[in-house]
Amino acid sequence: MADTTELKQDLWKKLAASPFVMIGLTDSPEHHIPLTAQLDEDQVDTLFFFIGKDNRLAPGGRAMAHFVSKGHDYFACFDGTAKIDNDFAQIDKLWNSHVEAWFPGGKDDPNLALLRFDIDSAELWETDMSVSGKLKMLFGGKIKSGEEGSHAVVDTTAES
């Protein structure tokens, strides 16, 4: 079983490898939507998203985001606050060719908005199941305590 520090380290590695999340406003009746998170290692507990000004998340507010790693061995649920933060220095820092494909006007595209999601708490799960545990699942056996993986509820995703 991983400790909480390891779970946090693994979170940011997994997010960097596959930065796709489902995110939505908690007070909205609309469904969550898939977005690509932009990570800034200098800003702990923060995800950024380039969105259109007409996006359903643009009004901001309390939000939740859900993450499943590429290998389906890591899961996270984030609770926090979303708001537009069009700091040009931050836009410039996070800008890349993948974002540019969505905004043909570049960094000056009139529809461009940078959504900042500040994480207040998170729940993290990692399925670091043993080989014998995986075989038991495959063939209908019983999973014992300690074979199921790791779990933590945290107030910060900072590694220390």
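Residues numbered from 1 in each chain as written. Predicted model: local features only at pLDDT ≥ 70, side-chain atom pairs only at ≥ 80, totals over all residues. Heavy atoms only, no water.

The subject of this paragraph is the overall build of the protein. Along its length, the protein carries four helices and seven strands. When its helices and strands are written in sequence order, the protein yields α-β-β-β-β-β-α-α-β-α-β. A buried classification covers 42% of the 160 residues belonging to the protein. If you take every contact in the protein between residues at least 6 apart in sequence, the share linking residues at least 24 apart comes to 69%. Summing over all exposed atoms, the protein offers an accessible surface of approximately 9,000 Å²; the carbon and sulfur share of this is 54%. (Helix = DSSP H or I, 4+ residues; strand = E, 2+ residues; numbered from the N terminus. Buried < 20%, exposed > 50% of the residue type's maximum accessible area, 1.4 Å probe, protein only. Contact = heavy atoms within 4.5 Å. Areas by Shrake-Rupley, 256 points an atom, 1.4 Å probe, with all protein chains shown as cover.)

Reported here for the largest pocket is a volume of approximately 330 Å³. For the largest pocket, the lining is made up of 13 residues, of which Thr36, Gln38, His98, Val99 and Trp102 are closest to its centre. Secondary structure elements with two or more residues in the lining of the largest pocket: strand E2 (33–36), strand E3 (46–52) and helix H3 (97–102). No other element matches the three residues that H3 contributes to the lining of the largest pocket. Within the lining of the largest pocket, the residues separate by chemical class into nine nonpolar, four polar and no charged. (1 Å grid on protein atoms, 1.4 Å probe; cavity = no way out; pocket = protein on both sides within 12 Å on 5 of 7 lines; lining within 4 Å. Points joined across faces, edges and corners; volume = space filled by probe spheres on them. Nonpolar A, V, L, I, M, F, W, Y, C, P; charged D, E, K, R; others polar.)

To continue, consider the pattern of salt bridges. Scanning all chains against the criterion turns up nine salt bridges. For Glu30, the salt bridge identified is with Arg56, shortest N-O distance 3.5 Å. Here Glu30 is found in the loop between strand E1 (20–25) and E2, whereas its partner Arg56 is found in the loop between E3 and strand E4 (61–68), with 26 residues between them in sequence. Using a relative accessible area of 43% as the deciding quantity, one classes Glu30 as partly exposed. For Arg56, a relative accessible area of 35% gives the class partly exposed. Residue Asp40 is joined to Lys93 by a salt bridge in which the shortest nitrogen-to-oxygen separation is 2.9 Å. Of this pair, Asp40 sits in the loop between E2 and E3 while Lys93 is found in helix H2 (residues 88–94), placing the two residues 53 residues apart along the sequence. Residue classification places Asp40 among the buried residues on the basis of a relative accessible area of 6%. In this structure, a network of salt bridges that share partners links the residues Asp40, Asp42 and Lys93. (Salt bridge = Lys/Arg side-chain N within 4 Å of Asp/Glu carboxyl O.)

Here we come to the nonpolar core. Core analysis: the largest hydrophobic core is formed by 28 residues, its most contacted members being Leu11, Leu47, Phe49, Phe78 and Phe117. No other element matches the six residues that strand E6 (residues 112–126) contributes to this core. (Core = buried A, V, L, I, M, F, W, Y, C linked by side-chain atoms within 4.5 Å.)

What follows deals with the pairing of E6. For E6, a buried count of eleven out of 15 residues is recorded, marking the element as mostly surrounded by other parts of the structure. For E3 and E6, the ladder comprises seven bridges, and the chain directions are antiparallel. Opposite Phe49, over in E6, you have Leu115 as the bridge partner. The sheet contact formed by strand E5 (residues 74–84) and E6 spans eleven bridges and is antiparallel. Counterpart to Asp79 in the pairing with E6 is Ser121. (Pairing = 2+ DSSP bridges.)

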